[in-house]
Amino acid sequence: MFSRVARLRYLAPFLLIFSSLTAAKDESLFTSSVTYCSPPETLLIQQFDIVYFAKNESIWFNISAASVDSNVNVTANVMLNVYGMHPVNFTIDLCSLFNGALCPLPMYNFTGSDSIPLPSSLGVSGKIPSIAFQIPDLEAYAQLSLTEVNTGVLKACVQATLSNGWSAHQIAVEWATGGLALLALLSAVYYSFMPDTLAPFRLFDLLYLYQWTASTALLDLNYSSVYRAFSTNFAWAMGLFSASATSPIQISINNMRHLTGGNMADATGDSAVALVNRKLSPYNAMTSSTFLDTSIQFAMENLWTSTNMTSTNYVSHTSAASVEELSAAGDVQLVTQSSSNILQAGVPIYVNSVGIVTANSFMTVFLIVLMIAAILFAVLSVGYCVLAATSRHGQRKEGYVADWRHRYPSFARAWLLRTSLIVFTPVTIFALYQWTLKDSWLSILLSVILLLAVVGYLLYPIFITYRLALRSTPYALYTQPDVLASHGPLYALYRSERFYATTPLILAIFVKALFIAFSQANGIVQVVAILVVECLVLAYLLALRPHKSRGADVLATYLAITRVVCTGLMIAFVESLNLGAIPRVAIGIVIAVIISVAVIVMFINTLVNLGIMRLIPARYRRRNAIPDGSVAEKGAEIGENNWRPRNPTPERNIPLDPDINQPYPDSPSQTLTDRHSLYSEESGSTTLGSLLPQRWSIQPSQPSTHSRSTSQSQYSPSQSNYSPSRSNYISSASSPRQSVPPSPLHAHSSSHSRQPTIDEHPPYP
């Protein structure tokens with residue numbers, strides 16, 4: 001064993017190849033966005049990058065600012081807001097610093113970059129908790145306000161949000177979820193040749209889980225920054241791929257909007273956090289300032305005198321790497337409560353967080369849907385051309401190819417239906433939301449066309465399905481191959497009695513889209529209405545249990561419970577409740593964990609549907625299990641015996657054997673009469689004392705032929721309530737079915753005290 005472990009040393013040199021791709025991450029805080037919180041009069045800022053390193057208690061800065069107003073005496077207020085708390089909030093009288101060198105405020109253009117060690121007398125390290133460097137999506141900002149001493153007029157106000165470099169939004173998560181969706185797509189394509197397999201349905205379940213996660217961040221709620229960042233990992237499932245202001249697609253959409261009456265703002269290169277409403281995270285609430293005590297004032301004077309602003313201070317390699325990650329602030333924007341560029345909760349903040357301006361959200365989804373449709377039509381066209389070429393030149397498999405050419409239109413219609421189901425959620429949400437913007441008439445027209453196209457293509461198969469089920473029987477939906485292959489994505493997963501199970505789910509998606517789009521001004525209405533819808537869907541699944549297998553019902557119910565629980569927890573994000581920032585962050589992390597577990601469950605389910613169970617050795621599998629990934633389901637056995645028991649409908653009714661279907665006597669006198677009829681008048685023998693094998697219904701009994709024929713006479717058509725056509729179910733004299741089971745009415749035969757069931761007989765021919 002140790003020799004095998006020792007062989008791992010040969011892999012050590014290969015690990016050094018990836019050493020250049022790893023780097024230590026220092027505990028640091030830096031400014032992530034800068035904005036004016038009042039019209040700039042005295043202080044103009046072009047760039048404002050500051051980094052605090054906890055390792056050596058130093059500050060690195062890159063500032064470009066200018067004082068443009070002369071003869072102004074000001075006081076400076078510095079406030080730090082961390083999750084609604086204010087660990088730092090003081091006011092400095094600049095005239096009392098440095099022997100009055102800053103009074104009046106000199107007109108000066110400062111541009112510089114340097115690293116400054118902070119004196120220990122400031123005690124900065126003791127005021128910043130260590131968790132501030134580790135928690136993702138830190139909700140903190142610093143504010144500098146300059147107020148004129150004589151008049152009390154606010155001359156300048158600058159806000160800078162702080163970050164520690166950790167975030168719940170990770171590009172690796174986007175690629176991982178996208179790879180899982182691609183794996184589910186390949187599994188769905190492979191197994192979609194059989195309409196009743198589970199893999200194509202699990203593709204929709206997985207993508208709907210992604211889309212639902214993204215849609216939960218579109219409500220008018222005060223989300224915590226960590227949950228908002230987490231939900232952007234699934235924005236691509238809604239057709240919202242990350243973009244920049246210089247993206248060719250976004251520039252084209254901007255030009256189209258402006259040419260068709262659009263007047264909303266275009267995207268900028270700044271962070272969306274800088275434009276968020278100050279009542280929401282990460283800004284939260286602000287409090288009044290207090291004056292600075294003398295100890296802090298003395299420490300700041302020592303900092304000024306001990307630091308050579310022209311010298312180059314030491315910066316470690318890891319710190320330099322962190323500094324390089326900072327991006328220039330660009331044009332600093334003015335954001336107040338009355339500004340027109342402020343981002344409100346819901347769709348505006350979410351879409352701007354991925355680099356797409358609010359007015360471009362629908363057009364981005366529209367173009368993505370067009371691309372998907374074009375790819376689908378191209379793939380289906382290539383498949384049809386391959387079949388046509390094969391049927392023309394192939395001779396050996398001519399019958400197989402001809403059969404596929406006949407089935408291919410149904411196969412294509414099924415995938416068009418699946419695609420419509422997948423894009424239904426983003427199309428309904430953003431098409432309806434586009435109507436509320438009143439920006440570009442062409443965007444509104446395209447939203448109407450796309451919504452009608454998707455909804456119309458869903459309604460037509462639903463109408464065909466209902467018409468066939470009502471005119472005939474629901475069982476006919478599963479017995480007509482063309483209908484099952486074309487419209488199977490709507491009902492093939494469910495039992496025939498529950499063929500309509502998809503319709504309530506589609507209706508629920510549409511109702512939720514209505515509240516998301518048209519109730520943007522009232523978050524409590526949105527979250528309560530959506531919670532009611534999710535509870536109704538859960539109750540519907542629990543009451544009807546529409547799926548064919550118990551495992552499918554368990555999975556659908558689990559996902560529904562996940563949606564109900566997460567939606568219920570989002571009530572804490574209602575702005576009117578004024579819940580603290582830290583509880584909202586904790587609730588956001590809990591919701592993110594619940595959704596992550598659901599994604600992992602769907603990942604395992606996708607592997608099972610791919611046939612991963614075939615890799616498990618046979619001795620570890622369950623007895624009588626069939627390792628077929630196309631019908632496997634988490635929580636359910638594999639095989640026909642594990643599907644839900646079917647009710648005795650006319651289509652599946654099995655006639656009972658007349659030899660078995662005998663009524664019990666109503667009185668003891670009838671028992672004596674039946675016992676006397678079992679004796680033969682000629683021989684006096686009877687079959688009641690005969691020793692029968694363990695499976696008497698398969699092997700013939702031992703009495704003589706004469707007594708056997710006598711015993712058969714008691715089940716003659718004249719004495720039975722069964723139809724005279726019993727000859728269809730009784731074989732010839734040599735058949736084992738001629739043996740008659742002993743009657744349970746005879747007390748002296750204790751070994752046959754029960755009436756055999758139908759399962760003890762082999763199927764009738």
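Residues numbered from 1 in each chain as written. Predicted model: local features only at pLDDT ≥ 70, side-chain atom pairs only at ≥ 80, totals over all residues. Heavy atoms only, no water.

Looking at the overall build of the chain
When helices and strands are counted, the chain shows 21 helices and 9 strands. Looking at the chain residue by residue over its 765 residues, the buried ones come to 46%. Look at the contacts in the chain between residues 6 or more apart in sequence, and 74% of them connect residues 24 or more apart. Here the chain has roughly 39,800 Å² of accessible surface; of this, 63% comes from carbon and sulfur atoms. (Helix = DSSP H or I, 4+ residues; strand = E, 2+ residues; numbered from the N terminus. Buried < 20%, exposed > 50% of the residue type's maximum accessible area, 1.4 Å probe, protein only. Contact = heavy atoms within 4.5 Å. Areas by Shrake-Rupley, 256 points an atom, 1.4 Å probe, with all protein chains shown as cover.)

Regarding the side chain of threonine 91
Residue position: threonine 91 is located in strand β5 (residues 85-93). Taking the relative accessible area as the measure of exposure, threonine 91 reaches 9% and is therefore buried. Polar contacts involving the side chain of threonine 91 include one to the side chain of asparagine 77, which spans 3.0 Å. (Polar contact = N/O pair within 3.5 Å; in protein donor to acceptor, adjacent residues only side chain to side chain.)

Considerations on the environment of serine 281
Its place among the elements puts serine 281 in the loop between α7 (248-259) and α8 (294-306). When its relative accessible area of 0% is taken as the criterion, serine 281 is described as buried. The spacing of serine 281 and leucine 138 is 143 residues in sequence and 9.8 Å in space, taken between C-alpha atoms. Leave out the neighbours within four places in its chain, and serine 281 touches Glu139, Asn222, Tyr223, Ser224, Ser225, Arg228, Val276 and Arg584. Engagement of the side chain of serine 281 in a polar contact is seen with the side chain of asparagine 284, the distance being 3.4 Å. A polar atom in the side chain of serine 281 sits 2.9 Å from the side chain of arginine 584.

Things to note about helix α15 (residues 481-491)
Within α15, 8 of the 11 residues are buried, which leaves the element mostly enclosed by the surrounding structure. For α15, the set of buried residues is Val483, Leu484, Ser486, His487, Gly488, Pro489, Leu490 and Tyr491.

Describing the state of the cysteines
Per the counting criterion, the structure on display carries 2 disulfides. A sulfur-sulfur distance of 2.0 Å marks the disulfide that ties cysteine 95 to cysteine 103. One disulfide, between cysteine 95 and cysteine 103, carries an S-S torsion of 55 degrees and so falls in the right-handed class. A residue is classified by how much of its surface remains accessible, and cysteine 103, at 23% relative accessible area, is partly exposed. (Disulfide = S-S within 2.5 Å.)

With respect to the nonpolar core
Ranked by size, the top nonpolar core spans 128 residues in total, and within it Tyr210, Leu240 and Phe430 carry the most contacts. For this core, the element with the highest residue contribution is helix α12 (residues 398-437), accounting for 18 residues. In this structure, tyrosine 210 is in contact with Thr177, Leu180, Ala181, Phe234, Trp236, Ala237 and Val599, ignoring residues within four places of it in sequence. Membership of the second largest hydrophobic core comes to 23 residues, among which are Phe98, Leu105, Leu146 and Val158. (Core = buried A, V, L, I, M, F, W, Y, C linked by side-chain atoms within 4.5 Å.)

Brief notes about the confidence of the model for the chain
Detailed reading of the predicted coordinates is not advisable wherever pLDDT falls low. Confidence along the chain averages 76 in pLDDT terms, with 70% of residues attaining 70 or more. Predicted confidence is poor over residues 695-699, with pLDDT under 50, and the contacts of this stretch with residues over four places away or in other chains come to 13 contacts. (pLDDT = per-residue confidence, 0-100.)

Quick notes on the pairing of strand β2 (residues 43-53)
In terms of burial, β2 is largely enclosed, as 8 of its 11 residues are buried. In this sheet, β2 lies alongside strand β1 (residues 28-36) in antiparallel orientation, the contact comprising 3 bridges. Note that in β2 the partner of phenylalanine 30 across the bridge is valine 51. What sits between the antiparallel neighbours β1 and β2 is a turn of 6 residues. (Pairing = 2+ DSSP bridges.)

Some remarks on the pattern of salt bridges
Enumeration according to the criterion identifies 8 salt bridges in this entry. The shortest N-O distance in the salt bridge between aspartate 205 and arginine 202 comes to 2.5 Å. Linking aspartate 205 with arginine 202, this pair stays in helix α5 (residues 199-215), spanning 3 residues, or about one helical turn. Several salt bridges converge on common partners, so that one network encompasses Glu41, Glu148 and Lys155. (Salt bridge = Lys/Arg side-chain N within 4 Å of Asp/Glu carboxyl O.)

Notes on unusual backbone geometry
Cis geometry is found at the peptide bond from serine 281 to proline 282, where omega equals 10 degrees. Structurally, proline 282 is set in the loop between α7 and α8. In this structure, aspartate 137 is a non-glycine residue whose phi angle is positive, near 55 degrees. Here aspartate 137 lies in the loop between α3 (124-127) and β7 (140-148).

Section: the pairing of β5
The pairing of strand β4 (residues 74-82) with β5 spans 7 bridges and is classified as antiparallel. Bridge assignment links methionine 79 to a residue of β5, and that residue is asparagine 89.

Some details on the packing of aromatic side chains
All chains considered together, the criterion is met by 17 aromatic pairs. Ring geometry for tyrosine 227 against phenylalanine 230: centres 6.2 Å apart, planes inclined by 35 degrees, an arrangement best described as tilted. On the criterion of helical spacing, the pair formed by tyrosine 227 and phenylalanine 230 is a turn pair, its members being 3 residues apart in helix α6 (residues 225-231). Residue class for tyrosine 227 comes out buried when judged on its relative accessible area of 0%. Put simply, the rings of Tyr210, Tyr223, Tyr227, Phe230, Phe234, Trp236 and Phe573 touch in pairs and so form one group of aromatic residues. Just above the ring of tyrosine 283 sits the side chain of arginine 278; from NZ or CZ to the centre is 3.9 Å. Note that arginine 418 overlies the ring of tryptophan 415, its terminal NZ or CZ placed 4.8 Å from the centroid. (Phe/Tyr/Trp six-rings, centres within 6.5 Å; stacked < 30°, edge-to-face > 60°. Lys NZ or Arg CZ within 6 Å of the ring centre and 35° of its normal.)

Section: the packing of helix α18 (residues 550-569) against helix α19 (residues 581-609)
Each packed pair of helices is defined by two parameters, the angle between the axes and the distance between the axes. With their axes 10 Å apart at the nearest point, α18 and α19 run at an angle of 165 degrees to one another. Here α18 is positioned roughly antiparallel relative to α19, judged by the angle of their axes. Handedness of the α18/α19 crossing: left-handed. In contact with Leu555, Tyr558, Leu559, Thr562, Val565, Cys566 and Leu569 of α18, α19 contributes Ile587, Val590, Ile591, Ile594, Ile595, Val597, Ala598, Val601, Met602 and Asn605. (Axes fitted to C-alpha atoms, helices over the stretch in contact; angles between N-to-C directions. Parallel < 35°, antiparallel > 145°, perpendicular 65-115°, else oblique. Left-handed = near helix turned anticlockwise from the far one by under 90°.)

Examining the side chain of glutamine 520
Its place among the elements puts glutamine 520 in the loop between α16 (502-518) and α17 (523-544). Classification of glutamine 520 as buried rests on a relative accessible area of 17%. There is a polar contact of 3.1 Å between the side chain of glutamine 520 and the backbone oxygen of leucine 218. There is a polar contact of 2.7 Å between the side chain of glutamine 520 and the backbone oxygen of isoleucine 516.

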